[in-house]
Amino acid sequence: MGILNVTPDSFSDGGRFFAQDAAVRRALAMQQAGAAIIDIGGESTRPGALPVSAEEEMHRVVPIVQALHSELDIPVSVDTSKPEVMREAVRAGAGMINDVNALRAEGAVQTAADLGVPLCLMHMQGEPRTMQQSPQYSDVVEEVKSFLLARMACCRKAGIAARNILVDPGFGFGKTLEHNLVLLRNLAEFAHMGAGVLAGISRKSMLGVLTGKETNERMAASIAAAVLAAERGAVILRVHDVAETVDALSVVNAITGSEK
Ligand code: 9MG
């Protein structure tokens, strides 16, 4: 899954037309590099990020989803927690919902059930603005798993097909470095919950803490984490560096994929 952010800071100040054009070119490049899905988001979920209105988010995302839907051969996922944005993005051609809030917004579960597309339920403790201030767990793996199981049950009750549900422990979302490491070490446990596992570790600050590198210097660290996540059962990896991750996984799969 290639990451396509369409927040104003991700396209400098070239204006909306420039943003759309650049987004389509970037998505085509990720498809060419081997991405199977493009995940587009119009609201930053970084620690400290402030929320934006549904109108602004739709304005950023929907025209680009429409353009991507006609230009790409692969599905577009919309990274949003707002039911209005989910609806408009799917109407514009999005084929998946990626919700870092695990459909906890009012009306989100029913909207996702009505739309009938695959969705990702991600765990987050707190909210982006404050989530990294003092994350606390007594057993991070058990608590994240039981949260995700409860959200899956809520989705199933609303009529969402089990095959349409993915789960994600939410690396960096209300977690310390140690919490993230424990989750990654034990990721295989999430693969036995009855849903595919999505993992997003690419360029995250945990990798900055481990390597001392700035965000755009974290490719090698991101690939190491992606390979380990795949080896522990993740079926979708949300990444910035698609070509390099695909190469790394091709090598790993060639080595581990045969019996002898
Ligand atoms: C939108 N977004 C940012 N980080 C993410 C992650 O780790 N997982 C998912 N599903 N979405 C994310």
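Structure: above.
Residues numbered from 1 in each chain as written. Predicted model: local features only at pLDDT ≥ 70, side-chain atom pairs only at ≥ 80, totals over all residues. Heavy atoms only, no water.

Novice: Would you explain the site of the ligand in this entry?
Specialist: The local shell around the ligand consists of Thr 45, Asp 79, Asn 98, Val 100, Cys 120, Met 122, Asp 168, Phe 173, Leu 198, Gly 200, Lys 204 and Arg 238. Take Lys 204: an N or O atom from its side chain is 2.6 Å from an oxygen atom of the ligand. The side chain of Arg 238 places a nitrogen or oxygen atom 3.4 Å from a nitrogen atom of the ligand. Given that more than half its atoms are within 2 Å of the pocket grid, the ligand belongs to the largest pocket. Its residues assigned to classes, the shell around the ligand shows five nonpolar, three polar and four charged. (Near = heavy atom within 4 Å. Polar contact = N/O pair within 3.5 Å; in protein donor to acceptor, adjacent residues only side chain to side chain. 1 Å grid on protein atoms, 1.4 Å probe; cavity = no way out; pocket = protein on both sides within 12 Å on 5 of 7 lines; lining within 4 Å. Sits in = over half its atoms within 2 Å of the grid points. Nonpolar A, V, L, I, M, F, W, Y, C, P; charged D, E, K, R; others polar.)

Novice: I tried to follow the pattern of salt bridges on my own but got confused; where do I start?
Specialist: Opposite charge on two side chains permits pairing when their charged atoms draw close. Applying the stated criterion across every chain yields a total of 13 salt bridges. Close ionic contact of Arg 238 with Asp 39 constitutes a salt bridge, the shortest N to O distance being 2.8 Å. Note that Arg 238 is positioned in the loop between β8 (234-237) and α9 (242-256) and Asp 39 in strand β2 (residues 38-41), a separation of 199 residues in sequence. Like Asp 39, Arg 238 is buried. (Salt bridge = Lys/Arg side-chain N within 4 Å of Asp/Glu carboxyl O. Helix = DSSP H or I, 4+ residues; strand = E, 2+ residues; numbered from the N terminus. Buried < 20%, exposed > 50% of the residue type's maximum accessible area, 1.4 Å probe, protein only.)

Novice: Help me understand the layout of surface pockets in this model?
Specialist: Summary: where empty space remains is shown by rolling a probe the size of a single water molecule over the atoms. Put simply, the largest pocket is a space of about 1,000 Å³. Taken together, 47 residues line the largest pocket, and the ones lying closest to its centre are Asn 5, Arg 46, Ser 202, Arg 238 and His 240. Elements with a contribution of two residues or more to the lining of the largest pocket: β1 (2-5), α1 (15-32), α6 (177-185), α7 (205-211) and α9. Of the residues in the lining of the largest pocket, the class split is 18 nonpolar, 16 polar and 13 charged. (Points joined across faces, edges and corners; volume = space filled by probe spheres on them.)

Novice: For this particular structure, what's the right way to read the sheet that holds strand β6 (residues 165-168)?
Specialist: Backbone hydrogen bonds hold the strands of a sheet together, and the pairing may be parallel or antiparallel. The strand order across the open sheet formed by eight strands is β1-β2-β3-β4-β5-β6-β7-β8, and the pairing between neighbours is parallel. Two strands in the sheet have a free side with no partner beyond their single neighbour: β1 and β8. Taken pair by pair, the neighbouring strands of this sheet meet at an average axis angle of 30°, ignoring direction. In this sheet, strand β7 (residues 196-199) lies alongside β6 in parallel orientation, the contact comprising two bridges. Across the sheet, Leu 166 pairs through a bridge with Gly 196, a residue of β7. (Pairing = 2+ DSSP bridges. Axes fitted to C-alpha atoms, helices over the stretch in contact; angles between N-to-C directions.)

Novice: Explain the side chain of Lys 175 to me, please; I cannot follow it from the model alone.
Specialist: Checked against the element boundaries, Lys 175 lands in the loop between β6 and α6. For the buried residue Lys 175, which engages in no salt bridge, the nearest side chain bearing the opposite charge is Asp 168, 7.2 Å off. Within polar-contact distance, the side chain of Lys 175 engages the side chain of His 123 at 2.8 Å. One polar contact links the side chain of Lys 175 to the main-chain carbonyl oxygen of Gly 170, over a distance of 2.8 Å. Once you skip the residues sitting within four places of it in the chain, Lys 175 turns out to touch His 123, Met 124, Gln 132, Pro 135, Tyr 137, Val 144, Pro 169, Gly 170, Asn 180 and Leu 183. (Lys, Arg positive; Asp, Glu negative; His and termini not counted. Contact = heavy atoms within 4.5 Å.)

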